[in-house]
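# Inside the fold
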Amino acid sequence: MSSTKKITLSSMFIALGIILPFFTGQLQQFGNMLLPMHLPVFLCSLICGWKYGMVIGFILPFLRFELFGMPILYPIGIAMAFELATYGFVAGFVYEKQNWKCIKSLYKSIIIAMIVGRLVWGLVEVVLLGLGDNGFTLSLFITQAILNSIPGIILQLALIPSIMLVLHRTKLMPIKKSL
């Protein structure tokens with residue numbers, strides 16, 4: 001895939017990352033559960049590569065904050081930028097290194113990225129807020145990173161491989177053995 005095509009697709013994924021939260025933005029709790037900015041970052045990293053996914057993952061929260069004041073920059077937006085950048089890097093990198101570009105490889109890449117991304121998010125929150133009663137706690141991490149995110153995790157695990165499969169079947173993004 002040419003770099004021009006990757007840049008164009010990355011721009012489209014940025015636009016999706018800006019637009020998708022509007023569908024859940026009226027109810028912040030609903031948006032926190034469905035994680036709408038995560039989908040375009042995962043798709044970008046799997047389609048365009050880890051470098052593109054990492055960059056759009058990092059800039060997307062800052063761009064949305066500049067345009068619309070959401071997400072709140074400190075600490076949410078900053079932690080989200082590192083989390084999304086990690087998703088973009090890990091999902092794209094792990095998928096790129098797989099011998100076979102198949103559904104199993106997609107799930108492996110996505111799940112590893114979800115785990116690492118949430119750990120990075122937690123570490124950034126600790127750095128920004130500190131530990132303890134007035135800072136970031138283990139129960140807050142478990143609640144935010146796991147329990148509240150279950151609907152979004154299920155949505156990502158259902159939609160991302162489905163979209164990639166449709167792209168493969170329409171020959172827009174062939175899934176094949178890498179060389």
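Here we summarise the structure given alongside this text. Every chain begins its residue count from 1, and numbering advances along the sequence as written. Restriction of local features to residues with pLDDT of at least 70 applies here, the model being predicted, together with a cutoff of 80 or more for giving and counting side-chain atom pairs; totals for whole chains, interfaces and linings are based on all residues. Water and hydrogen atoms were dropped before computing side-chain values, which therefore reflect all heavy atoms in the structure.

## Remarks on the overall build of the protein
When helices and strands are counted, the protein shows eight helices and zero strands. Numbered from the N terminus, helices here are DSSP runs of H or I no shorter than four residues, and strands are runs of E no shorter than two. Secondary structure of the protein in N-to-C order comes out as α-α-α-α-α-α-α-α. What the globule rule says is 2.2 Å times the number of residues to the power 0.38, and the radius of gyration is computed from C-alpha atoms. In terms of overall size, the protein behaves like a compact globule, its C-alpha atoms giving a radius of gyration of 16 Å where 179 residues would be expected to give roughly 16 Å. Along the first, second and third principal axes, the C-alpha set of the protein runs to 50 × 30 × 25 Å. Only protein chains enter the accessibility calculation, which uses a 1.4 Å probe; a residue is then buried when its area is under 20% of its type maximum, exposed when over 50%, and partly exposed in between. Buried positions account for 43% of the 179 residues belonging to the protein. Should any heavy atoms of two residues lie within 4.5 Å, those residues are counted as being in contact. The contacts in the protein between residues at least 6 apart in sequence include a share of 70% that link residues at least 24 apart. Positive and negative side-chain charges of the protein, numbering 13 and 5 respectively, have mean locations separated by a distance of 24 Å. Two residue types count as positive, namely Lys and Arg, and two as negative, namely Asp and Glu; His and chain ends fall outside the count. Charge coordinates come from a single atom per side chain, which is NZ of Lys, CZ of Arg, CG of Asp or CD of Glu.

## Comments concerning the packing of helix α3 (residues 38–48) against helix α4 (residues 50–68)
Interaxial angle, 0 to 180 degrees, is taken between N-to-C directions of lines fitted to C-alpha atoms, where a helix line uses only the stretch in contact. In contact at an axis separation of 6 Å, α3 and α4 are set at 160° when each is read in the N-to-C sense. Viewed along their axes, α3 and α4 adopt a mutual orientation that is roughly antiparallel. Relative to α4, α3 is oriented so that their crossing is right-handed. For the pair α3 and α4, the contacting residues are Pro40, Val41, Cys44, Ser45 and Cys48 in the first and Trp50, Tyr52, Gly53, Ile56, Gly57 and Leu60 in the second. Under the convention adopted here, Pro, Cys and the residues Ala, Val, Leu, Ile, Met, Phe, Trp and Tyr are nonpolar, Asp, Glu, Lys and Arg are charged, and Gly plus all remaining residues are polar. A breakdown of the residues in the contact of α3 with α4 according to their chemical character gives eight nonpolar, three polar and no charged. When describing relative orientation, an angle under 35 degrees is termed roughly parallel and one over 145 degrees roughly antiparallel, while 65 to 115 degrees is termed roughly perpendicular and anything else oblique. Handedness of a helix crossing follows the sense of rotation of the near helix relative to the far helix, less than a right angle counterclockwise being left-handed and clockwise being right-handed.

## Describing the environment of Asn99
Structurally, Asn99 is set in the loop between α5 (73–97) and α6 (103–129). You can call Asn99 exposed: its relative accessible area is 54%.

## Some points on the packing of α4 against α5
The contact between α4 and α5 brings their axes to 7 Å, and the two run at 165°. Taken together, the axes of α4 and α5 are roughly antiparallel relative to one another. When you trace α4 past α5, the crossing you get is right-handed. Taken together, the residues of the contact of α4 with α5 sort by class into 15 nonpolar, five polar and one charged.

## A word on the environment of Gly57
Examined against the element boundaries, Gly57 turns out to sit in helix α4. The class for Gly57 is buried, based on a relative accessible area of 0%. The sequence separation of Gly57 and Ser45 amounts to twelve residues, and the corresponding C-alpha distance is 9.1 Å. Sequence-distant contacts of Gly57, defined by excluding residues within four places in its chain, comprise Val41, Ala81, Leu84 and Ala85.

## Details of the nonpolar core
Formed by 31 residues in total, the largest nonpolar core has its most connected members in Phe13, Phe42, Leu46, Ile47, Ile160 and Met164. Only α1 (3–24), α3, α4, α5, α6 and α8 (150–169) provide two or more residues apiece to this core. Looking at which element gives the most residues to this core, the answer is α3, with eight residues. The contacts of Ile160, once residues within four sequence positions are left out, are Leu39, Phe42, Leu43, Leu46, Ile110 and Leu155. In this description, a nonpolar core means a group of buried Ala, Val, Leu, Ile, Met, Phe, Trp, Tyr and Cys residues linked to one another through side-chain atoms lying within 4.5 Å. By size, the runner-up hydrophobic cluster in this structure holds six residues, among which are Trp121, Phe136, Phe141 and Ala145.

## Observations concerning unusual backbone geometry
Cis geometry is adopted by the peptide bond preceding Pro71, which originates at Met70 and carries an omega value of -5°. Note on placement: Pro71 falls in the loop between α4 and α5. Looking along the chain, the bond that leaves Tyr74 and enters Pro75 is cis, with omega of -5°. Looking at the element boundaries, Pro75 is found in helix α5. Within the chain, Leu35 stands out as a residue other than glycine whose phi angle is a positive 55°. Here Leu35 is to be found in the loop between α2 (28–34) and α3. A positive phi angle, close to 65°, is found at Lys171, a residue other than glycine.

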